[in-house]
Amino acid sequence: MVTNITNFGRSGLSDWLIQRVSAIILAVYTLFMVGFLLFNPGLDYATWSGLFDQTWMRIFSLLAFVSIAAHAWIGLWTVTTDYLKPTGIRVAAQTIIILAIFVFLVWGVQVLWGA
Amino acid sequence: MSMLQVSVYRYNPETDSAPYMQEFQVDTQGRDLMVLNVLSMIKEQDSSMAYRRSCREGVCGSDGMNMNGKNGLACITPLSEVIKKGKLVLRPLPGLPVIRDLVVDMGVFYEQFERIQPYLQNDEPEPAIERLQSPEDRDKLDGLYECILCACCSTACPSFWWNPDKFVGPAGLLQAYRFLADSRDTATRERLADLEDPFSVFRCRGIMNCVAVCPKGLNPTRAIGKIREMLLANAT
Ligand code: SF4
Ligand code: SF4
Ligand code: FES
């Protein structure tokens, strides 16, 4: 057993599963977005904000945001452990990545539920 | 005379400040020799040339090396299989510390092998004669037990290059699964618990270099997938 404290789910198995589930959620969200844009060629502000006024769309979007946050954390954590060998630099990079993900997530919530 | 140009990685830490490639001309007389034969002809030209070999028939696993960019056993690799542009380039297995010339320090590789406890564990009372296994259960070990620990796979695996101290590597994981799959082994839970961290198994990225190079035709990637399935079944 190799000990880790900065990976997302504390266990390799949960990271692995979350990585796959979040990938599927992101794929579905992307497909939905592409489909929506194709079916609304002359997209105007009213249609766009009407879509995001609906609770299900906000939940769907938040799910996608949380998925991208988890996906990025797991993926970038892996990259840092592969390529950044000095511990100081690695921990610093991981901290910056995790903080940035947190900021983007909160910002995303604000955009979704803001005016 | 048909001369083959061979370029060999040389490094003697006692006399060389850095490794270098040395050129040799070997007369193959047009025969499709094994790479190991060529190496022994080179040793006749330069007796300081160091490499490992023993069985010279693909059984002992001691002459794993990198031939024109691909890992394999020199003794069972014919020239016709590796020669590119009429030239043979020999290097030690990548990613391991070089002791001298083509001889590498396999320490980290064996440590990972030791870590997966490569022996049968059974806490049930010992039977009078032997622990029996059905032919079907025995079949599950095919494709696993044949590994000769040549390290061709693990030293071709980028995940093992970056984290040889944490990622068990394809060879170790193939053997980990060999004991997980054995109906006579009762330590399955303990074995799985030791593998579920983000490095030991999950650092495998499915690159499949291991499968491409294994001289025994084994498939560590499939075994790694089976371990993942067992971990998932055990934890969900
Ligand atoms: S499949 Fe996995 S173990 Fe095999 S070479 Fe690729 S990363 Fe390494
Ligand atoms: S799996 Fe194949 S390449 Fe890897 S150590 Fe065993 S025999 Fe060698
Ligand atoms: S010398 Fe034994 S495997 Fe090549």
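Position labels on residues start from 1 in each chain and follow its written sequence. Written order decides the labels, with chains lettered from A and ligands numbered from 1. The predicted origin of the model limits local features to residues at a pLDDT of at least 70 and limits the giving and counting of side-chain atom pairs to 80 or more, whereas totals for whole chains, interfaces and linings rest on all residues. Where side-chain values are given, they derive from all heavy atoms of the structure, hydrogens and water being excluded.

1. Some details on the overall build of chain A
Just so we agree on the cut-off: Think of it this way: any DSSP run of H or I at least four residues long counts as a helix, any run of E at least two long counts as a strand, and we number them from the N terminus. Radius of gyration: over C-alpha atoms. The globule rule applied is 2.2 Å multiplied by the number of residues raised to the 0.38 power. Three exposure classes are used, based on accessible area relative to the maximum for each residue type with a 1.4 Å probe and protein chains only: buried under 20%, partly exposed in between, and exposed over 50%. The contact criterion used is simple: two residues touch if any of their non-hydrogen atoms lie within 4.5 Å. Charged residues are defined here as Lys and Arg on the positive side and Asp and Glu on the negative side; His and the ends of the chain fall outside this count. To locate a charge, take atom NZ for lysine, CZ for arginine, CG for aspartate or CD for glutamate.
Within chain A one finds four helices and zero strands. Computed over its C-alpha atoms, the radius of gyration of chain A comes to 17 Å, more than 25% above the 13 Å expected for a compact globule of 115 residues. With the C-alpha coordinates of chain A rotated into their principal frame, the extents come out at 50 × 25 × 20 Å. Counting over 115 residues, chain A shows a buried share of 34%. Taking as baseline every contact in chain A between residues at least 6 positions apart, the subset at least 24 positions apart corresponds to 64%. Seen as two clouds, the 5 positive and the 4 negative side-chain charges of chain A have centres 15 Å apart.

2. A word on the packing of helix H2 (residues 45–53) of chain A against helix H3 (residues 55–83) of chain A
All names here are of chain A. The criterion, for reference: Each axis is a line fitted through C-alpha atoms, taken for helices only over the stretch in contact, and angles between the N-to-C directions span 0 to 180 degrees. With respect to orientation, any angle under 35 degrees is reported as roughly parallel, any angle over 145 as roughly antiparallel, any angle of 65 to 115 as roughly perpendicular, and every other angle as oblique. Under the grouping applied here, Gly and all other residues not named as nonpolar or charged are polar, the nonpolar ones being Ala, Val, Leu, Ile, Met, Phe, Trp, Tyr, Cys and Pro and the charged ones Asp, Glu, Lys and Arg.
One can describe the packing of H2 onto H3 by two numbers: an axis separation of 5 Å at closest approach and a directional angle of 80°. Judged by the angle between their axes, H2 and H3 are roughly perpendicular. Residue-level inspection shows Leu51, Phe52 and Asp53 of H2 in contact with H3, the latter providing Thr55, Trp56, Met57, Arg58 and Ser61. Of the residues that constitute the contact of H2 with H3, the class distribution is four nonpolar, two polar and two charged.

3. Overview of the pairing of strand E1 (residues 3–10) of chain B
All names here are of chain B. Note the following rule: Paired strands, as defined in this entry, are two strands with at least two bridges between them according to DSSP.
Counting buried positions along E1 gives six out of eight residues, so the element sits mostly inside the fold. Bridge count for E1 against strand E5 (residues 87–91) is four bridges, and the pairing is parallel. Within E5, the residue paired with Val6 across the bridge is Leu88.

4. A closer look at the packing of aromatic side chains
Residue and element names in this part refer to chain A. Convention followed: Each Phe, Tyr or Trp ring, with Trp reduced to its six-membered ring, pairs with another whose centre is within 6.5 Å; inter-plane angles below 30 degrees give stacked pairs, above 60 give edge-to-face pairs, and intermediate values give tilted ones.
Taken as a whole, this structure holds 13 aromatic pairs over all chains when the rule is applied. Relative to Phe60, the ring of Phe32 lies with its centre 5.6 Å away and its plane at 70°, an arrangement referred to as edge-to-face. Here Phe60 lies in helix H3 and Phe32 lies in helix H1 (residues 12–39), a separation of 28 residues in the sequence. Under the relative-accessibility criterion, Phe32 is labelled partly exposed at 24%. Residue Phe60 is classed as buried on the basis of its relative accessible area of 16%.

5. Side note on the site of ligand 2
Quick reminder of the rule: Near is defined per residue: the residue qualifies when any heavy atom it owns lies within 4 Å of the molecule or strand.
The full set of residues close to ligand 2 is Cys147(B), Ile148(B), Leu149(B), Cys150(B), Ala151(B), Cys152(B), Cys153(B), Ala171(B), Leu174(B), Cys214(B), Pro215(B) and Lys216(B). In the shell around ligand 2, the residues fall into 11 nonpolar, no polar and one charged.

6. Considerations on the sheet that holds strand E3 (residues 64–67) of chain B
Residues and elements named next belong to chain B. Pairing in this open sheet of five strands is mixed, and the strands run E2-E1-E5-E3-E4 from one edge to the other. Pairing within the sheet leaves two strands with one partner each, and these edge strands are strand E2 (20–27) and strand E4 (70–73). Each strand of the sheet is rotated relative to its neighbour by a mean of 30°, with strand direction disregarded. Note that E1 and E2 share eight bridges and pair antiparallel. Counted as the bridge partner of Arg10 is Tyr20 from E2. Strand contacts of helix H1 (residues 35–45): E1, E2, E3 and E5, with the helix running at about 100° to E2, the strand carrying the most contacts.

7. Here's the deal with the domain arrangement of chain B
Residue and element names in this part refer to chain B. Heads up, the rule is: The domain boundaries here were taken from an automatic or database domain assignment. Buried area adds together the accessible area that both of two parts lose upon being put together, with accessible area traced by a 1.4 Å probe. Pairs of N or O atoms are called polar contacts if they sit within 3.5 Å, as long as, within protein, a hydrogen donor faces a hydrogen acceptor (for residues adjacent in sequence, only side-chain-to-side-chain pairs).
We note that the domain assignment places domain 1 (3–104) and domain 2 (107–235) within chain B. Averaged C-alpha coordinates put domain 1 and domain 2 at centres separated by 29 Å. In total, about 1000 Å² of surface goes out of reach between domain 1 and domain 2, with carbon and sulfur atoms giving 67% of it. Put simply, domain 1 and domain 2 have four residue pairs in polar contact (both at pLDDT 80 or more) between them. Sorting elements by how many residues they give to the side of domain 1 that touches domain 2 places E4 first, with four residues. A breakdown of the residues in the side of domain 1 that touches domain 2 according to their chemical character gives seven nonpolar, six polar and one charged.

8. Side note on the interface of chain A and chain B
Selection rule: Only one rule defines a salt bridge in this text: a Lys or Arg side-chain nitrogen within 4 Å of an Asp or Glu carboxyl oxygen.
Taken together, the contacts link 15 residues of chain A with 18 residues of chain B. Regarding the contact of chain A and chain B, the summed buried area is about 1600 Å², with carbon and sulfur atoms giving 63% of it. Together, Met1(A), Val2(A) and Leu13(A) form the three largest contributors to the area buried by chain A at its contact with chain B, with a combined 39%. Inspection of the chain A/chain B interface yields one salt bridge. We note a salt bridge from Arg203(B) to Asp82(A), for which the minimum N-O separation is 2.9 Å. Where chain A meets chain B, there are 10 residue pairs in polar contact (both at pLDDT 80 or more). When contributions to the side of chain A that touches chain B are tallied by element, the ones reaching two or more residues are H1 and H3 of chain A. Sort the elements by how many residues they give to the side of chain A that touches chain B and H3(A) lands first, with five residues. Its residues assigned to classes, the side of chain A that touches chain B shows seven nonpolar, six polar and two charged.

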